[in-house]
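Working through the structure, step by step
Spelled out, the chains give:
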Amino acid sequence: MFQTSLRHQVTSTMRIVLLGAPGSGKGTQAQRLQAKYGVPQVSSGDLLRDAVARGTELGLKAKAAMDAGQLVSDDVVLGLIRERLGRPDAKAGFILDGFPRNSDQANALNEMLIELGAPIEAVLLMDVRTETLVKRLAGRRICRTCGRVFNISLSPPGTTPRCDHCADHPELYQRPDDKEEVVAKRLEVYEAQTRPLIRHYQKLGLLRVVKGEGALEDVFARMEAAALPQAQAASTRKSAAIKKKTVKTARSAKKAAARVAKKKASGKQAARKSTAKARRPAKTAKKKVAAKRAKGSKRAVRGKVALARSSRKAAKKK
Ligand code: AMP
């Protein structure tokens, strides 16, 4: 739907629920979080609308309730959510938008996430005044091509609302359940069935209230701030563990290198010693040879002297 360049994506895990009345901006903010953090938006409303558009059995079951602004039966919604959370991209996390919508769904979600070993990190309640909700829902228009959401209260009066993101500027459409009479019913259903979940998640210590009015960017910044302490804490823990491991590895590598260097040094010393030792006998041998030679020459001298002496004696006798 809302396509944003992956260049700006931040890698992080995020398992959050967006809670809020129809028109509180859950879908818009979920799309932005998805684009920035690469975590899929899981919208029960989108899944149901897709099933209706494809004319599936579930879609046919859901259509009448949706058109009347009522909740679709839990078994239909749970089936769709279970299948969606089981897809590979949801392993990185999920931004649940419009689900759970009553306490039975909240309990079923809890069990589902225990099974998946992926508990919710935070529930973000988008706090918006009722008059703003009505204005937003009545003026909401959607592009069929790219799925972007617009509000005609921001367009110049008397113009046909068109998508300014798509090349052929297609005309925008109004969701059937955004018609005034259905909007009133949806808000009533929210008050009766969904609002009690605020207390439920508050008790669990998961609830964060986000002011959902004001500029889109400001609301998004508040959403991030509310969603990220948990997500960042998890990724910080992860990177701290990686860092610890890296330091440990570096330390043991350093130790190993020191050991090798020590071994090398003692090897060199030993080699020096053995060369010296090897040289020593050579020196001794040389000395011995020299001594032998000296001894030999002494003996030869002595022999020569004796010979000279005896020849002198013989000459005297004559
Ligand atoms: P949404 O797009 O979230 O406003 O949902 C549009 C309509 O889909 C609702 O008015 C309900 O009829 C139906 N729907 C969406 N989510 C749920 C849900 N969790 N449980 C039951 N019905 C839902």
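Let me sum up the structure you'll find in this document. All of these numbers come straight from a predicted model, not from anything done at the bench.

Moving on, we get to the overall build of the chain. A tally of regular secondary structure across the chain gives nine helices and eight strands. When burial is assessed residue by residue, the chain has 36% of its 318 residues classed as buried. Of all intrachain contacts in the chain linking residues separated by at least 6 positions in sequence, the fraction that spans at least 24 positions is 72%. A total of about 20100 Å² of accessible surface is found on the chain, and carbon and sulfur atoms cover 57% of it.

Here we come to helix α6 (residues 130–139). Every buried residue of α6 is accounted for by T132, L133, L137 and G139. Buried residues belonging to α6 abut β5 (140–143), β6 (149–151) and α7 (180–194).

In the vicinity of the ligand there are 16 residues, among which S44, R49, Q70, V72 and Q105 approach most closely. Backbone polar atom of G98 to a nitrogen atom of the ligand: 3.0 Å apart, as the coordinates give it. Separating a nitrogen atom of the ligand from a side-chain N or O atom of Q105 is a distance of 2.9 Å. Alone, the ligand offers 480 Å² of accessible surface; in the complex the protein occludes 96% of this. Ranked by the residues each element gives to the shell around the ligand, the list is headed by helix α2 (residues 44–54), at four residues. Its residues placed into classes, the shell around the ligand shows six nonpolar, five polar and five charged.

Right, let's get into the sheet that holds strand β1 (residues 14–19). The strand order across the open sheet formed by five strands is β2-β3-β1-β4-β8, and the pairing between neighbours is parallel. The strands lining the two open edges of the sheet, one partner per strand, are β2 (41–43) and β8 (207–211). With direction set aside, neighbouring strand axes in the sheet form an average angle of 25°. Relative to strand β3 (residues 93–97), β2 runs parallel, the two sharing three bridges. Its bridge partner being in β3, S43 is matched across the sheet by D97.

Taken as a whole and assessed by the stated rule, the structure comprises zero disulfides. The closest cysteine sulfur to the non-disulfide-bonded C143 is located on C163, 3.7 Å from its own sulfur.

Looking now at the packing of aromatic side chains. What the rule picks out here adds up to zero aromatic pairs. Seen from the ring of F220, R32 lies directly overhead, with NZ or CZ sitting 5.9 Å from the centre. Its guanidinium or amino end placed over the ring of Y173, R144 lies 4.1 Å from that ring's centre, counting from NZ or CZ.

Turning our attention to α7. The terminal C-alpha atoms of α7 lie 20 Å apart, and with 15 residues this matches the ideal 21 Å at 1.5 Å per residue to within 8%. Among the residues of α7, V182, V183, R186, L187, V189, Y190 and T194 are the ones counted as buried. Down the axis of α7, the buried side of the element spans an arc of 160°, and every buried residue falls inside it. What points out from α7, more than 90 degrees from its buried face, is the exposed set E180, E181 and A192.

What follows is about the pattern of salt bridges. Under the counting rule described, the total for this entry stands at 17 salt bridges. Where R140 meets D178, a salt bridge forms, and the shortest distance between an N and an O atom there is 2.8 Å. Of the two residues, R140 is situated in strand β5 and D178 in the loop between β7 (172–173) and α7; the sequence distance between them amounts to 38 residues. For R140, a relative accessible area of 15% translates into the label buried. Overall, D178 belongs to the buried group, its relative accessible area being 0%.

Let us now look at the nonpolar core. Of all hydrophobic cores here, the largest spans 38 residues; its most connected members are I81, L109 and Y201. The element contributing the most residues to this core is helix α4 (residues 74–85), with six residues. Ignoring any residue separated from it by four or fewer positions in sequence, one finds I81 in contact with V42, S44, L47, L96, F99 and M112.

Here we take up the side chain of N102. For N102, the position within the fold is in the loop between β3 and α5 (103–116). Within polar-contact distance, the side chain of N102 engages the side chain of D74 at 3.2 Å. A polar contact is formed between the side chain of N102 and the backbone nitrogen of Q105, at a distance of 2.8 Å.

Rules of the game
For every chain, the first residue of the written sequence is number 1, and numbering continues from 1 along that sequence. Whole-chain, interface and lining totals are the exception, using all residues; otherwise, since this is a predicted model, local features are given only for residues with pLDDT of at least 70 and side-chain atom pairs are given and counted only at 80 or more. Side-chain calculation: all heavy atoms of the structure are included, whereas hydrogens and water are not. Secondary structure counts use DSSP, requiring at least four H or I residues in a row for a helix and at least two E residues in a row for a strand, with both numbered from the N terminus. Here the term buried applies to any residue with accessible area under 20% of the maximum for its type, exposed to any over 50%, and partly exposed to those in between, with areas from a 1.4 Å probe on protein chains only. Here, two residues are considered to be in contact whenever any of their heavy atoms come within 4.5 Å of each other. Per-residue accessibility takes into account occlusion by the displayed protein chains alone, with areas from the Shrake-Rupley method and a 1.4 Å probe. One heavy atom within 4 Å of a molecule or strand makes the whole residue count as near it. Here a polar contact is recorded for every N or O atom pair within 3.5 Å, except that within protein the pair must consist of a potential hydrogen donor and a potential acceptor, and residues adjacent in sequence are included only if both atoms are side-chain atoms. Only Asp, Glu, Lys and Arg are considered charged, only Ala, Val, Leu, Ile, Met, Phe, Trp, Tyr, Cys and Pro nonpolar, and every remaining residue, Gly among them, polar. Strand pairing is defined by DSSP finding a minimum of two bridges between the two strands. In this analysis, axes come from line fits to C-alpha atoms, helices being fitted only over the stretch in contact, and the angle between any two N-to-C directions falls in the range 0 to 180 degrees. Two cysteine sulfur atoms form a disulfide, by the criterion used here, when they sit within 2.5 Å. Each Phe, Tyr or Trp ring (for Trp, its six-membered ring) is paired with any other whose centre lies within 6.5 Å, and the angle between the two planes then decides the class: stacked below 30 degrees, edge-to-face above 60, tilted in between. A positively charged side chain is recorded as over a ring if its NZ (Lys) or CZ (Arg) lies within 6 Å of the ring centre. The angle to the ring normal must also be within 35 degrees. An expected span of 1.5 Å times one less than the residue number is assigned to each helix. An arc is given here, and it is the one of the directions from the helix axis to the C-beta atoms. For this analysis, a salt bridge means a side-chain nitrogen from Lys or Arg found within 4 Å of a carboxyl oxygen belonging to Asp or Glu. Joining through side-chain atoms within 4.5 Å is the link that ties buried Ala, Val, Leu, Ile, Met, Phe, Trp, Tyr and Cys residues into a set, and such a set is a nonpolar core.

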